[in-house]
Amino acid sequence: MTPLTLRTRIKICGLTRETDIDAAVAAGADAIGFVLYPKSPRAVIAARAGELARRLPPFVTPVLLFVNATPDEIATGLAAVPHALLQFHGDETPEACAAPARPYLRAARMAPGLDLLDLAARHPGAQALLLDAPVEGYGGGGKVFDWSLIPSVVPCPVVLSGGLNPANVIDGVMHVRPWAVDVSSGVESAKGIKDAALMHRFCQAVREADARIAAAADAGT
Ligand SMILES: O=C(O)c1ccccc1NCC(=O)[C@H](O)[C@H](O)COP(=O)(O)O
């Protein structure tokens, strides 16, 4: 998807506790997602996202995830976490995603028939497309989608998501070569409760995939 990446970025999503933030950062996460969708079992309110985001060190990006939120709800989230990247995970139109005039990720539910190139064209302002499995409740369902649905060339960075875990993320990175990976369920002990050991293993597995890709490039294969 993306030209050879030396280091696949890692986003861990759906954190609700300080201890999980610390463990995710220690494991090597580049971005931390806060779910501002009240129907999610991982939901936090904006003020809580602000508290948790203040714990992040420099160069670890907070991401605010919305599902069909109102402009007021998005503004409230941004007031609490002013430097956040936005993630739109619902049925938002391109105009709604662009309206806050902030960098954003557009989630795509990867079902047969989805035209990813058309989606990318309709979201010229998206920093990346986040490819997720189609699940009930919009996301965070821990389901893997068929990676062969991804076109060989996508004209923007791709975040591979949906059912990743320490056991399958090497395959995912090597198959898709995404700019970044995103995980929630696969590093949890319960919904919204992250497991430090699983986060560590997940990040190590991504680094292993990067090393294998670099070795293959060196070998000219
Ligand atoms: O986490 C949720 O509950 C959620 C609810 C509604 C929309 C999106 C949601 N989460 C999205 C994510 O956590 C990730 O961006 C991604 O989909 C990975 O989820 P998972 O398959 O659980 O690893």
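Residues numbered from 1 in each chain as written. Predicted model: local features only at pLDDT ≥ 70, side-chain atom pairs only at ≥ 80, totals over all residues.

Focus on the UniProt feature "domain: N-(5'phosphoribosyl) anthranilate isomerase (PRAI)" (unreviewed entry) in the protein chain
Argument step 1. The UniProt feature table records "domain: N-(5'phosphoribosyl) anthranilate isomerase (PRAI)" (unreviewed entry) at residues 10-204.
Argument step 2. With 29% helix and 23% strand, residues 10-204 has end C-alpha atoms that lie 11 Å from one another. (UniProt positions renumbered as here; feature names shortened; annotations may be inferred. Helix = DSSP H or I, 4+ residues; strand = E, 2+ residues; numbered from the N terminus.)

Considerations on the sheet that holds strand 3 (residues 61-66)
Argument step 1. Strand order in the closed barrel made by the eight strands is 1-2-3-4-5-6-7-8, with parallel pairing throughout. Within the sheet, the average angular offset between the axes of one strand and its neighbour, ignoring direction, is 25°.
Argument step 2. Judged from the two bridges that link them, strand 7 (residues 158-160) and strand 8 (residues 180-183) form a sheet pairing that is parallel. When the sheet's bridge partners are listed, valine 159 is paired in strand 8 with alanine 180. (Pairing = 2+ DSSP bridges. Axes fitted to C-alpha atoms, helices over the stretch in contact; angles between N-to-C directions.)

Points about the site of the ligand
Argument step 1. Surrounding the ligand, one finds 27 residues, the nearest of these being Ser40, Gly139, Gly140, Ser184 and Ser185.
Argument step 2. Elements supplying a minimum of two residues to the shell around the ligand: strand 2 (31-35) and strand 8.
Argument step 3. Its residues assigned to classes, the shell around the ligand shows nine nonpolar, 15 polar and three charged. (Near = placed C-beta within 6 Å. Nonpolar A, V, L, I, M, F, W, Y, C, P; charged D, E, K, R; others polar.)

Quick look at the pairing of strand 3
Argument step 1. Extensive coverage of strand 3 is indicated by the burial of five of its six residues.
Argument step 2. Where strand 2 meets strand 3, five bridges bridge the pair, whose relative direction is parallel. Looking at the pairing, valine 35 lines up with leucine 65 of strand 3.
Argument step 3. Both strand 3 and strand 4 (residues 85-88) contribute to a ladder of four bridges, which runs parallel. Bridge pairing in strand 4 links leucine 64 to leucine 86.
Argument step 4. In the classification by handedness, the crossover that spans strand 3, the intervening helix 3 (residues 71-80) and the parallel strand 4 is right-handed. (Buried ≥ 20, exposed ≤ 12 C-beta atoms within 10 Å, placed from the backbone. Right-handed = clockwise from strand over helix to strand, strands pointing away.)

Observations regarding helix 7 (residues 196-218)
Argument step 1. With 23 residues, helix 7 should reach 33 Å at 1.5 Å per residue; the first-to-last C-alpha distance of 33 Å fits that figure.
Argument step 2. The complete set of buried residues in helix 7 reads Met199, Phe202, Cys203, Ala205, Val206 and Ala209.
Argument step 3. Two residues or fewer after helix 7 comes glycine 220, characterised by a positive phi angle close to 75°. (Expected span 1.5 Å × (residues − 1).)

Let's talk about the packing of helix 1 (residues 18-27) against helix 7
Argument step 1. Two elements in contact, helix 1 and helix 7, have axes separated by 9 Å at closest approach and are oriented at 25°. It follows that helix 1 is roughly parallel to helix 7 by the angle criterion. Both helix 1 and helix 7 take part in a crossing whose hand is right-handed. When helix 1 is examined against helix 7, the residues Ala23, Ala24 and Ala27 are found in contact with a partner set consisting of Ala196, Met199, His200 and Cys203.
Argument step 2. Looking at the contact of helix 1 with helix 7 residue by residue, the classes come out as six nonpolar, one polar and no charged. (Parallel < 35°, antiparallel > 145°, perpendicular 65-115°, else oblique. Left-handed = near helix turned anticlockwise from the far one by under 90°. Contact = placed C-beta atoms within 7 Å.)

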